[in-house]
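# Secondary and tertiary structure notes
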Amino acid sequence: MVIRLKDRRRVAAVAFALLAASSAATVFAAQRQALPDLLDAPAAADLRAQISPQLSVAVAGERLVGVGVRGIVLLSDDGGRVWRQAKSVPVSVALTDVHFATPTEGWAVGHSGVILRTRDGGETWQLQMEGRRLAQLILDDVQARTAAGDASLGRALRDAQRFVEEGPDKPFLGVRFVDARRGFAVGAYGIALMTEDGGETWQSLMGRIPNPRGVHLYSIQQRDADVLIAGEQGALFRSEDGGQRFVELETPYPGTFFGVLIIDSDTLLAYGLRGNVWRSADRGANWEQIDLGQPVTVTSGKVLLDRSILLADESGRLMRSSDAGRSFKPVEGSFPTGLTGLAQGSDKAVVLSGVRGLTRVDPAQLVAESR
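- Under an unreviewed UniProt entry, the name given to the chain is WD40/YVTN/BNR-like repeat-containing protein, and the organism recorded is Thauera sinica.

Structure (structure tokens):
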């Protein structure tokens, strides 16, 4: 199946709508009109922060940390029952993903090429990367590879030069750290970075990922030396050596994947648009489609502490698997629509992020199946 350019743009628009809780056109128009202000203005205190759209949530030891629009970061120290706003965030752009390597050290990424770091469990954040530096870093990398004799980089060089000309409008969409020093960030138009010193310096991964079309990269997962990246047009990329080299996994689905879960050393579960969920039991060599019963986009997933798997879709439906992803059953209850992420705290409760803020789901409710 061939996806025409206009189809790709439509898919990308849907994806950004899910991640940014508004239409892609609106988000990018606003960003272009006010980029300097958003990058330079710290996130403001907001009395309605607790019900603002939240795009991701993560565990930081005993704390939960959510990130969302206007640079809003929310913290909870009681399992997601009560939330408060972080003390200091240096930007006001939408933050799309967050991950903690330790209870105190974490990273958040977002629009305008932003990467933030915290060393105090999310109370205060420091800017490590923004779109102007990101574009120049990508261009420097392509020029260095060209100077080293790689004659195949004509398109990559043109794209990198265009990134510099267009300014800081490329969003990061996923971040994952192996430990406090080694981490990855991926995003729109194939942007991908890696750090080995806790984000003090970053290097481009775009020459290591076989993505000549520059498809959008929506999320990244890591387990031991395995690193997996999910993106549009059925794109799945895997590294078995900690990110030194990536190969593309062939999948039977040509649409967007918003995420991929590493279930165990052999089993993968990829999910995305229109309720598409695909499972591989042989590290991505072969895939089978898993029927969820309705064609609603799956926006997030998580392997829970009891090794069951939880998926969330944009209609607010939660689906749980207790057989390593072979089948799913709906969780009983009514949950907010527009879900964007989920995390499980140390008390086994799950916290959902979405366009209406953050919602706690008690452990007993997770195992109650809808009749």
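Now that the structure is up, let's keep going.
## Quick notes on empty space enclosed by the protein
- Counted under the stated rule, the structure contains two cavities of 30 Å³ or more.
- In this structure, the largest cavity occupies an estimated 50 Å³ of space.
- Looking at the lining of the largest cavity, the element that brings in the most residues is helix H3 (residues 131-147), giving four residues.
- Split into classes, the residues belonging to the lining of the largest cavity amount to six nonpolar, two polar and two charged.
- The volume enclosed by the second largest cavity comes to roughly 30 Å³.
- Lining of the second largest cavity is provided by Asp226, Leu228, Arg238, Asp264, Ser265, Leu268 and Arg283.
- Its residues assigned to classes, the lining of the second largest cavity shows two nonpolar, one polar and four charged.

## Remarks on the environment of serine 76
- Here serine 76 shows up in strand S3 (residues 73-76).
- Taking relative accessible area as the criterion, serine 76 reaches 0% and is therefore assigned buried.
- The sequence separation of serine 76 and leucine 64 amounts to 12 residues, and the corresponding C-alpha distance is 5.2 Å.
- What serine 76 contacts, discounting residues up to four positions off in sequence, is Glu62, Arg63, Leu64, Arg81, Val82 and Trp83.
- In terms of polar contacts, serine 76 uses its side chain to reach the backbone amide nitrogen of glycine 80, at 2.9 Å.

## Quick notes on helix H4 (residues 154-166)
- Its 13 residues give H4 an end-to-end C-alpha distance of 18 Å, which sits within 8% of 18 Å, the value for a rise of 1.5 Å per residue.
- Within two residues after H4, glycine 167 carries a phi angle of roughly 85°, on the positive side.

## Quick notes on the layout of surface pockets
- Of the volumes computed, that of the largest pocket is approximately 1100 Å³.
- Every residue lining the largest pocket is counted, 48 residues in all, and those nearest its centre are Arg176, Gln221, Gly301, Lys302 and Leu342.
- Those elements giving two or more residues to the lining of the largest pocket turn out to be helix H1 (5-20), strand S1 (54-60), strand S5 (95-100), strand S9 (172-177), strand S13 (217-223), strand S17 (257-262), strand S21 (298-303) and strand S25 (339-344).
- When the residues that make up the lining of the largest pocket are grouped by side-chain class, the tally is 25 nonpolar, 18 polar and five charged.

## Structural notes on the packing of H3 against H4
- The geometry of H3 relative to H4 is characterised by a closest axis approach of 8 Å and an angle of 155° between their N-to-C directions. When the interaxial angle is binned, H3 and H4 end up roughly antiparallel. Along this stretch, H3 crosses H4, giving a crossing that reads as left-handed. In this structure, H3 uses Ala135, Gln136, Ile138, Leu139, Val142 and Gln143 to contact H4, whose residues at the interface are Ala156, Leu157, Ala160, Gln161, Phe163 and Val164.
- The class makeup of the residues in the contact of H3 with H4 is nine nonpolar, three polar and no charged.

## Remarks on the environment of threonine 201
- Within the fold, threonine 201 resides in the loop between strand S11 (192-195) and strand S12 (203-204).
- You can call threonine 201 partly exposed: its relative accessible area is 48%.
- Only 2.6 Å separates the side chain of threonine 201 from the side chain of aspartate 197, close enough to count as a polar contact.

## Remarks on the pattern of salt bridges
- Taken as a whole, this structure holds 24 salt bridges when the rule is applied.
- For arginine 155, the salt bridge is made with aspartate 159, and the minimal N-O distance between the two is 3.8 Å. Here the residue arginine 155 and the residue aspartate 159 both occupy positions in helix H4, the gap between them amounting to four residues, near one helical turn.
- A salt bridge links aspartate 313 to arginine 317, with the nearest nitrogen and oxygen atoms 3.3 Å apart. In this structure, aspartate 313 and arginine 317 share a single accessibility class: buried.
- Here the salt bridges share partners, and the residues they tie into one network are Arg155, Asp159, Arg162, Glu166, Asp169 and Lys170.

## Considering the packing of aromatic side chains
- One pass over the structure, following the stated rule, counts six aromatic pairs.
- Taken together, a centroid distance of 5.2 Å and an interplanar angle of 65° make the contact between tyrosine 218 and phenylalanine 258 edge-to-face. Here the residue tyrosine 218 occupies a position in strand S13, and phenylalanine 258 occupies one in strand S17, the gap between them amounting to 40 residues.
- Judged by relative accessible area, tyrosine 218 falls into the buried class, the value being 2%.
- Between the aromatic rings of tyrosine 253 and tryptophan 278, the centroid separation amounts to 6.5 Å while the plane-to-plane angle is 20°, which identifies the pairing as stacked.

Parameters at a glance
Residues numbered from 1 in each chain as written. Predicted model: local features only at pLDDT ≥ 70, side-chain atom pairs only at ≥ 80, totals over all residues. Heavy atoms only, no water. 1 Å grid on protein atoms, 1.4 Å probe; cavity = no way out; pocket = protein on both sides within 12 Å on 5 of 7 lines; lining within 4 Å. Points joined across faces, edges and corners; volume = space filled by probe spheres on them. Helix = DSSP H or I, 4+ residues; strand = E, 2+ residues; numbered from the N terminus. Nonpolar A, V, L, I, M, F, W, Y, C, P; charged D, E, K, R; others polar. Buried < 20%, exposed > 50% of the residue type's maximum accessible area, 1.4 Å probe, protein only. Contact = heavy atoms within 4.5 Å. Polar contact = N/O pair within 3.5 Å; in protein donor to acceptor, adjacent residues only side chain to side chain. Expected span 1.5 Å × (residues − 1). Axes fitted to C-alpha atoms, helices over the stretch in contact; angles between N-to-C directions. Parallel < 35°, antiparallel > 145°, perpendicular 65-115°, else oblique. Left-handed = near helix turned anticlockwise from the far one by under 90°. Salt bridge = Lys/Arg side-chain N within 4 Å of Asp/Glu carboxyl O. Phe/Tyr/Trp six-rings, centres within 6.5 Å; stacked < 30°, edge-to-face > 60°.

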